[in-house]
Amino acid sequence: MIYLHGFASGGTSTKASYLASRLREHGIELQTPDLNLPDFSTLTTTRMLEQTRALLDSASTEQTLIGSSLGGFVAVNAALKFSDRVNRLVLLAPALDFDGPRTRLGDAGLADWKASGRLNVFHYGYGRIVPVHYELYEDAQRYPVMNAEVRVPTLIFQGTHDDAVDPKIVEAWARRRPNVQLHMLDDGHQLTASLPFIWEKLAEFVFGPPRS
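Just so it is clear, the structure is predicted and the values come from calculations on it, not from any experiment.

> A description of the side chain of Asp187 should follow, citing residues and the corresponding values.
Checked against the element boundaries, Asp187 lands in the loop between strand S7 (180-185) and helix H7 (195-207). Buried charge without a salt bridge: Asp187, with Lys15 as the nearest opposite-charge side chain at an N-O distance of 8.9 Å. A polar contact is formed between the side chain of Asp187 and the side chain of Ser194, at a distance of 2.7 Å. Leave out the neighbours within four places in its chain, and Asp187 touches Gly159, Thr160, His161, Asp162, Thr192, Ala193 and Ser194.

Written out as structure tokens, the structure reads:
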């Protein structure tokens with residue numbers, strides 16, 4: 001199983017560490033690549049997909065991808081591009097509509113980012129302000145997933161109080177796809193209050209329901 005972390009996060013985030021610990025109890029080592037490498041400033045979807053493909057190529061079996069926020073966007077694209085190597089998706093507050101920067105910055109702010117080529121953001125994994133290049137936004141437009149036909153079984157967890165990902169978009173995306181199970185949770189974007197529930201449903205999704 002492979003965990004793809006969110007924007008300005010890392011492979012040692014609270015969610016990644018929690019799920020890695022629980023999966024280890026089942027003899028599964030969760031791979032948590034650092035998608036910031038080699039340089040966060042030059043981050044693009046294309047680069048993250050290449051990193052994911054390398055991990056899939058090195059695996060002897062099909063993999064379950066767990067994607068958080070931007071990692072969810074990457075996971076969906078990976079399932080589309082490498083369908084023979086991905087057997088399930090687990091999406092945590094997935095950023096399915098990559099037009100969030102326009103919503104948060106406005107047209108003027110997006111134009112400023114394009115003109116300067118850099119946008120300063122707080123990187124939670126690094127604990128400091130780091131610039132990210134406009135190519136991140138530009139490159140992501142090459143990978144629309146709102147109307148994509150994702151055929152693998154998919155499990156989604158989405159907080160109703162999410163201030164980074166629009167819950168209505170995630171709900172509408174899931175509703176149009178019979179292969180998707182959606183859990184709307186009384187939680188925010190990080191979903192940390194819901195981790196025990198997420199693990200319970202993830203375990204059922206991957207290992208089957210517990211025996212009575």
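Here the narrative resumes.
> Mind laying out the pattern of salt bridges, listing which residues take part and the relevant values?
Within this structure, the stated rule accounts for seven salt bridges. The shortest N-O distance in the salt bridge between Glu25 and Arg22 comes to 3.4 Å. Using a relative accessible area of 57% as the deciding quantity, one classes Glu25 as exposed. The partner of Arg85 in a salt bridge is Asp84, with the nearest N and O atoms 3.4 Å apart. Take Arg85: its relative accessible area is 22%, and that puts it in the partly exposed class. The exposure class of Asp84 is exposed, given its relative accessible area of 52%.

> Can you tell me about helix H2 (residues 45-58), naming the residues and giving the values?
Counted at 1.5 Å a residue, the expected span for H2 with its 14 residues is 20 Å, and the 20 Å between its end C-alpha atoms agrees. Every buried residue belonging to H2 is among Thr45, Thr46, Arg47, Met48, Leu49, Thr52, Leu55 and Leu56, and all of these are buried. Tucked into the core, H2 has its buried residues touching strand S1 (2-4), strand S2 (63-68), helix H3 (70-81), strand S3 (86-92) and helix H5 (135-140).

> Give me the nonpolar core: which residues, what numbers.
With 45 residues, the main nonpolar core has Leu65, Val76, Leu89 and Trp173 as its most contacted residues. The dominant element in this core, judged by the number of residues it contributes, is H3, at seven residues. In this structure Leu65 touches Ile2, Thr52, Leu56, Ala75, Ala78, Val86, Arg88, Leu89 and Val90, once residues within four positions along its chain are discounted.

> Which residues make up the packing of H2 against H3, and what are the values?
Close contact between H2 and H3 brings their axes to 10 Å; oriented N to C, the two are set at 60°. Here H2 and H3 pass one another in a crossing that is right-handed. The residues of H3 that touch H2, namely those facing Thr45, Met48, Leu49 and Thr52, are Leu70, Phe73, Val74, Asn77, Ala78 and Lys81. When its residues are assigned to classes, the contact of H2 with H3 shows six nonpolar, three polar and one charged.

> Summarise the packing of helix H1 (residues 14-24) against H7; cite the residues concerned and give the values.
H7 packs onto H1 with a crossing angle of 50° between their chain directions and a minimal axis gap of 11 Å. Our classification of the angle between H1 and H7 gives oblique. In terms of crossing hand, the pair formed by H1 and H7 is right-handed. Residues Thr14, Lys15, Tyr18, Leu19, Arg22 and Leu23 of H1 pack against Leu195, Pro196, Trp199, Leu202 and Phe207 of H7. Across the contact of H1 with H7, the residue classes tally to eight nonpolar, one polar and two charged.

Each value, and the rule that gives it
Residues numbered from 1 in each chain as written. Predicted model: local features only at pLDDT ≥ 70, side-chain atom pairs only at ≥ 80, totals over all residues. Heavy atoms only, no water. Helix = DSSP H or I, 4+ residues; strand = E, 2+ residues; numbered from the N terminus. Buried < 20%, exposed > 50% of the residue type's maximum accessible area, 1.4 Å probe, protein only. Lys, Arg positive; Asp, Glu negative; His and termini not counted. Salt bridge = Lys/Arg side-chain N within 4 Å of Asp/Glu carboxyl O. Polar contact = N/O pair within 3.5 Å; in protein donor to acceptor, adjacent residues only side chain to side chain. Contact = heavy atoms within 4.5 Å. Expected span 1.5 Å × (residues − 1). Core = buried A, V, L, I, M, F, W, Y, C linked by side-chain atoms within 4.5 Å. Axes fitted to C-alpha atoms, helices over the stretch in contact; angles between N-to-C directions. Left-handed = near helix turned anticlockwise from the far one by under 90°. Nonpolar A, V, L, I, M, F, W, Y, C, P; charged D, E, K, R; others polar. Parallel < 35°, antiparallel > 145°, perpendicular 65-115°, else oblique.

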